[in-house]
Amino acid sequence: MSKTTAGRFFEDYRIGQAITHAVPRTVSGGERALYHALYPARAALYSSDEFARDCGLAQSPVDDLIGFHIVFGKTVPDISLNAIANLGYAEGRFLQPVYPGDSLRSHSEVIGLKQNSNGKSGVVWVRTRGENQHGASVLDYVRWVMVRKRDLDAAAPEPVVPDMAAVVAPQDLVVPEGLDFTRYDFALAGEPHRWGDYAIGERIDHVDGVTVEEAEHMLATRLWQNTSKVHFDTTQRPDGKLLVYGGHVISMARALSFNGLANAQMIAAINAGSHANPCFAGDTIRAWSEVLDRAETAAPGVGALRLRLVATKGSAGVLKDDAGKYHPEVLLDLDYWVLMPI
């Protein structure tokens, strides 16, 4: 009898199923250093304790996406070990910063199931919550993933597709306790552009690009303890290629957006996200953003900006064709809220 597990397949999921994920992970300063080595991330709030204290926080938190990747990575052995692709995100809220020394763990609930027409796979929707050592939630989000079937003859479940909000309402955004941008130092942050300088409909070409290397994307994926086979095992795809973890693309695009959005300091929510096309080693990622909305918050000097962040192998501004299909060079379409100084 084998003591190993092949992971869950599509027919192993049930609506309402609750899953507690292994293994808790304590975050260290090394996490930040390696993150900044992997991505060109330069946001001042996540780089300097002194800058963070001037903004009302006790110390510099780790980048928001570090918390996201750790919480996400915990879910992979239970949710997407046998995934064909991670498809998208919705209703994501960052509920409090993650600091070095925090220990994170993850819990998920299955909220949707739908078998694909080919009968070989299906889509699983889960709501995942990440919490720290005190049991306080640090983020929650919905994601959906295409998972293989083990038994092609297994009966298809009654389809349940969850009804998800198109956007996290501004009044539901959580501003970290104590955050205060009235003493914000724009010179140290790197750009002078405030919340009020961005107009709805404005598009920003972030100019720079980074070529994805095989070793780096695999190192990043291991860092988050993401064990999905498609990122490490070339036999999992007919073309023999390793699929780059979608979170690697998110972090790269977010880091590239510093040029033009240096003061978009904290991610408050992920409204929606689609991995439009696969990313492979050798692809050069570029990014552009569009301002979708603006909102005020109750925190002193803090505004919220809703952005569309697009990662692409092509030109800025290109997104979909006339039929509404993503252009083949588009890798990521992410709709999210950020907090920045007014």
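Structure first, text after, so check above.
Here's what I pulled together on the structure shown here. (Residues numbered from 1 in each chain as written. Predicted model: local features only at pLDDT ≥ 70, side-chain atom pairs only at ≥ 80, totals over all residues. Heavy atoms only, no water.)

### Re the overall build of the protein chain
Helix and strand counts for the protein chain stand at 7 helices and 10 strands. At 20 Å, the protein chain has a C-alpha radius of gyration in line with the 20 Å of a compact globule built from 342 residues. Each principal axis of the C-alpha atoms in the protein chain carries an extent, and together these give about 60 × 50 × 40 Å. Taking all 342 residues of the protein chain together, the buried fraction comes to 54%. The long-range share in the protein chain, meaning contacts at least 24 apart out of those at least 6 apart in sequence, stands at 78%. A total accessible area of about 14,400 Å² is found for the protein chain, and carbon and sulfur atoms account for 50% of it. In the protein chain, 33 side chains carry a positive charge and 41 a negative one; their mean positions are 6 Å apart. (Helix = DSSP H or I, 4+ residues; strand = E, 2+ residues; numbered from the N terminus. Rg over C-alpha atoms; globule rule 2.2 N^0.38 Å. Buried < 20%, exposed > 50% of the residue type's maximum accessible area, 1.4 Å probe, protein only. Contact = heavy atoms within 4.5 Å. Areas by Shrake-Rupley, 256 points an atom, 1.4 Å probe, with all protein chains shown as cover. Lys, Arg positive; Asp, Glu negative; His and termini not counted. Charge placed at Lys NZ, Arg CZ, Asp CG, Glu CD.)

### Quick word on the nonpolar core
Ranked by size, the top nonpolar core spans 53 residues in total, and within it Tyr-39, Phe-68, Trp-224, Val-249, Ile-285, Leu-305 and Tyr-336 carry the most contacts. Each residue touching Phe-68, except ones within four places of it in the same chain, is listed here: Tyr-89, Phe-94, Leu-139, Tyr-141, Tyr-245 and Ile-270. Formed by 25 residues, the second largest nonpolar core is a distinct cluster that contains Ala-189, Ala-268, Ala-299 and Leu-339. (Core = buried A, V, L, I, M, F, W, Y, C linked by side-chain atoms within 4.5 Å.)

### Re the environment of Leu-57
Mapped onto the elements of the fold, Leu-57 is located in the loop between helix H2 (49-54) and helix H3 (64-79). On a C-alpha basis, the gap between Leu-57 and Gly-101 in space is 15 Å, while along the polypeptide they are 44 residues apart.

### Brief notes about the packing of aromatic side chains
For the coordinates displayed, the defined rule picks out 10 aromatic pairs. Aromatic rings pair up to connect Phe-68, Phe-72, Tyr-89, Tyr-141 and Tyr-245 into one cluster. Positioned above the aromatic ring of Phe-280 is the side chain of Lys-241, whose terminal nitrogen or guanidinium carbon lies 4.6 Å from the ring centre. The lysine or arginine in question, Arg-294, covers the ring of Trp-195, its NZ or CZ lying 4.5 Å from the ring centre. (Phe/Tyr/Trp six-rings, centres within 6.5 Å; stacked < 30°, edge-to-face > 60°. Lys NZ or Arg CZ within 6 Å of the ring centre and 35° of its normal.)

### Quick word on empty space enclosed by the protein
Scanning the model with the defined rule gives 3 cavities of 30 Å³ or more in all. Looking at the largest cavity, its volume works out to about 170 Å³. When contributions to the lining of the largest cavity are tallied by element, the ones reaching two or more residues are H3, helix H6 (246-256) and helix H7 (258-261). Counting residues per element, the lining of the largest cavity draws most heavily on H6, at 3 residues. Its residues assigned to classes, the lining of the largest cavity comprises 11 nonpolar, 2 polar and 4 charged. Along the wall of the second largest cavity there are 18 residues; nearest its centre are Asp-64, Phe-94, Gln-96, Pro-97 and Ile-267. At the level of elements, H3, strand S5 (137-148) and strand S7 (266-275) are the ones that each hand at least two residues to the lining of the second largest cavity. (1 Å grid on protein atoms, 1.4 Å probe; cavity = no way out; pocket = protein on both sides within 12 Å on 5 of 7 lines; lining within 4 Å. Points joined across faces, edges and corners; volume = space filled by probe spheres on them. Nonpolar A, V, L, I, M, F, W, Y, C, P; charged D, E, K, R; others polar.)

### A look at helix H5 (residues 214-223)
All of the buried residues along H5 are His-217, Met-218, Ala-220, Thr-221 and Leu-223. Where H5 is buried, its residues contact strand S1 (18-26), helix H1 (29-38) and H6. A positive backbone phi angle near 55° is found at Gln-225, which sits one or two residues after H5.

### A look at the sheet that holds strand S6 (residues 203-211)
Within a sheet, each strand pairs with its neighbour through backbone hydrogen bonds, oriented either parallel or antiparallel. In spatial order, the strands read S1-S3-S4-S5-S2-S7-S10-S9-S8-S6; together these 10 strands make up an open sheet with antiparallel pairing. Only two strands of the sheet have a single neighbouring strand rather than two, namely S1 and S6. Neighbour-to-neighbour, the strand axes of this sheet turn through a mean angle of 25°, independent of strand direction. Here strand S8 (residues 284-296) runs beside strand S9 (residues 302-312); their pairing, made up of 10 bridges, is antiparallel. Bridging across to S9, Arg-294 finds its partner in Leu-305. Here H6 sits on the sheet and contacts strand S2 (83-94), S6, S7, S8, S9 and strand S10 (330-341); the angle it forms with S10, its principal contact strand, is near 50°. (Pairing = 2+ DSSP bridges. Axes fitted to C-alpha atoms, helices over the stretch in contact; angles between N-to-C directions.)

### A look at unusual backbone geometry
Residues Ala-22 and Val-23 are joined by a peptide bond in cis, for which omega reads 0°. Looking at where Val-23 falls in the secondary structure, it is placed in strand S1. Located in the positive-phi region is Glu-91, a residue other than glycine, with phi close to 50°. Assignment of secondary structure puts Glu-91 in strand S2. Residue Glu-91 is classed as buried on the basis of its relative accessible area of 18%. Here the phi dihedral of Gln-225 falls at roughly 55°; this positive angle occurs in a residue that is not glycine. Note on placement: Gln-225 falls in the loop between H5 and H6. Among the residues examined, Gln-225 registers a relative accessible area of 36% and is labelled partly exposed.

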